[in-house]
Amino acid sequence: VAMSTTGDKILDTALSKIGEKSLFTKELENALERNEVDLVVHSLKDLPTSLPPGFTIGAVCKRENPLDAVVFHPKNCGKTLSLLPEKSVIGTSSLRRAAQLKKKFPHLEFRDIRGNLNTRLKKLDEKEDFSAIILAAAGLKRMGWENRIGQLLGPEDCLYAVGQGALAVEVRAKDQEILNMVSALHDADTVLCCIAERAFMKHLEGGCSVPVAVNTLVKDGQLYLTGAVYSLDGSDSLKETMQTGVSYPHQNEDGPNDDVQHVGITAKNVPGQAQEAAENLGVELASLLLSKGAKHILSVARQLNDAR
């Protein structure tokens, strides 16, 4: 069943200005509630850190490359962002991308661009408004347009969005049959990374209207989380990395708490202790940034964005 959402329809306003939390999810959740569909598939980064009552993320699939990618106007083919001429205009509707890249590439200008991938690529190719646009590498790969990626932005250039590159399957929280069925799709490492990222974002009270970014990695039983907050122009920022152990045996956790949600995710086949450790890591990292002044940076960013 194909459906379009508010976020797909309002294309003349920057995402961060619309202010609706469930921009890309509401219509789908309504259909889920009315039993018209049994599961809905989202990009995890579109899902708010608190889901409406009665819903849960029943599966998080193996993450595609979470990095951001630069797609250049045909005339700039073969260049990188640092090689673009002074005052070149870069299209992105993400405050997170703009904040980090303004700091890193002060010679460039950043402007809003909205629409689905086809629309954005068309705007880039057919007009002279943009020298390049920034998109999630995952979306380009899934659409088979990987050949358009001119430059991948590593963590040193641009940390990615919470949940970027992962697909989430949202279901009715009480629907055991569907929950059991989709839980086979869970990728354990992706689940742990995304729980940590979502807990970090939730504790910061971040969303579309403030620049919050992450980078996560599971290696040798350790989960590493880097998190950062930025002012809108990127001049002010805080960034820290923390880690925690996540190699726990899987216990058979039958009984009343087998459906514990961690930031909206129900992962029956991932050890509960590991999920808890991931969630605590996100909260601790957010607390650390808040103790260093993240609240001020984010509230100024929010006010400036509202005033734009």
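Residues numbered from 1 in each chain as written. Predicted model: local features only at pLDDT ≥ 70, side-chain atom pairs only at ≥ 80, totals over all residues. Heavy atoms only, no water.

(A) Here's a closer look at the overall build of the protein. Across its full length, the protein holds 10 helices and 11 strands. The buried share of the protein, reckoned over its 308 residues, is 52%. For the protein, contacts bridging at least 24 residues in sequence account for 70% of all contacts bridging at least 6. Here the protein displays about 14200 Å² of accessible surface, and carbon together with sulfur accounts for 50% of that area. (Helix = DSSP H or I, 4+ residues; strand = E, 2+ residues; numbered from the N terminus. Buried < 20%, exposed > 50% of the residue type's maximum accessible area, 1.4 Å probe, protein only. Contact = heavy atoms within 4.5 Å. Areas by Shrake-Rupley, 256 points an atom, 1.4 Å probe, with all protein chains shown as cover.)

(B) Expanded view of helix H5 (residues 117-126). When we look at burial in H5, the residues that qualify are Leu 117, Arg 120, Leu 121 and Leu 124. For H5, the angular spread of the buried residues around the axis is 95°, confining them to a single face. Those residues of H5 that are buried lie in contact with strand E3 (68-72), strand E6 (132-136) and helix H6 (137-142). (Arc of directions from axis to C-beta.)

(C) Structural detail: the nonpolar core. Core analysis: the largest hydrophobic core is formed by 45 residues, its most contacted members being Phe 200 and Val 229. Secondary-structure elements contributing two or more residues to this core are strand E2 (55-60), helix H8 (188-204), strand E9 (212-219), strand E10 (222-230), helix H9 (272-291) and helix H10 (294-307). Counting residues in each nonpolar core, the second largest holds 14 residues, with Leu 84, Ile 90, Phe 105 and Ala 132 among its members. (Core = buried A, V, L, I, M, F, W, Y, C linked by side-chain atoms within 4.5 Å.)

(D) Structural detail: the environment of Phe 105. Looking at where Phe 105 falls in the secondary structure, it is placed in the loop between helix H4 (95-104) and strand E5 (109-111). Assessed through its relative accessible area of 7%, Phe 105 is described here as buried. Considered as a pair, Phe 105 and Asp 157 are 52 residues apart in the sequence and their alpha carbons are 9.4 Å apart. With sequence-adjacent residues up to four places away left out, Phe 105 is seen in contact with Leu 81, Ser 82, Phe 110 and Asp 157.

(E) Looking closely at a nonpolar patch on the surface. Together, Leu 39, Val 41 and Met 181 make up a nonpolar patch on the protein surface, roughly 270 Å² of accessible area in all. Within the secondary structure layout, Leu 39 lies in strand E1 (residues 39-43). (Patch = residues over 30% accessible without salt bridge, like charges linked within 9 Å, V, L, I, M, F, W, Y side chains within 5 Å. Salt bridge = Lys/Arg side-chain N within 4 Å of Asp/Glu carboxyl O.)

(F) Geometry of the environment of Thr 80. Mapped onto the elements, Thr 80 comes out in the loop between E3 and strand E4 (89-91). Each C-alpha atom of the pair Thr 80 and Leu 152 lies 9.5 Å from the other, and the pair is 72 residues apart in sequence. When near neighbours in sequence (up to four residues on either side) are disregarded, Thr 80 contacts Phe 72 and Gln 151.

(G) Quick peek at the sheet that holds strand E8 (residues 167-172). Spatially, E1-E8-E2 is the arrangement adopted by the 3 strands of the open sheet, whose pairing is antiparallel. Taken across any chain shown, the strands that pair with only one partner, and hence form the sheet edges, are E1 and E2. Taking each pair of neighbouring strands and ignoring which way they run, the sheet shows an average axis angle of 35°. (Pairing = 2+ DSSP bridges. Axes fitted to C-alpha atoms, helices over the stretch in contact; angles between N-to-C directions.)

(H) Structural view of unusual backbone geometry. Within the chain, Lys 87 stands out as a residue other than glycine whose phi angle is a positive 65°. Among the structural elements, Lys 87 can be located in the loop between E3 and E4. In this structure, Asp 220 takes a positive phi of about 50° despite not being glycine. Relative to the assigned elements, Asp 220 resides in the loop between E9 and E10. On the basis of relative accessibility, which here comes to 73%, the residue Asp 220 falls in the exposed class.

(I) Highlighting the packing of H8 against H9. The geometry of H8 relative to H9 is characterised by a closest axis approach of 7 Å and an angle of 35° between their N-to-C directions. Considering only the axes of H8 and H9, their crossing is right-handed. Residues Leu 192, Ile 195, Ala 196, Ala 199, Phe 200, His 203 and Leu 204 of H8 lie in contact with H9, whose contacting residues are Ala 274, Gln 275, Ala 278, Glu 279, Gly 282, Val 283, Leu 285, Ala 286, Ser 287, Leu 289 and Leu 290. Here the residues of the contact of H8 with H9 sort into 13 nonpolar, 4 polar and 1 charged. (Left-handed = near helix turned anticlockwise from the far one by under 90°. Nonpolar A, V, L, I, M, F, W, Y, C, P; charged D, E, K, R; others polar.)

(J) Main features of the environment of Tyr 248. Residue position: Tyr 248 is located in the loop between strand E11 (237-245) and H9. Overall, the relative accessible area of 34% leaves Tyr 248 in the partly exposed class. Not counting chain neighbours up to four residues away, the residues in contact with Tyr 248 comprise Pro 271, Gln 273, Ala 274 and Ala 277.

(K) Inspection of H8 at higher detail. Under the 1.5 Å per step criterion, the end-to-end length of H8 is 25 Å for 17 residues, consistent within 8% with the ideal 24 Å. Judged by how many residues are buried, H8 sits mostly within the fold: 13 of 17 residues are covered. Of the residues flanking the end of H8, it is Glu 205, one or two places downstream, whose phi is positive at about 60°. (Expected span 1.5 Å × (residues − 1).)

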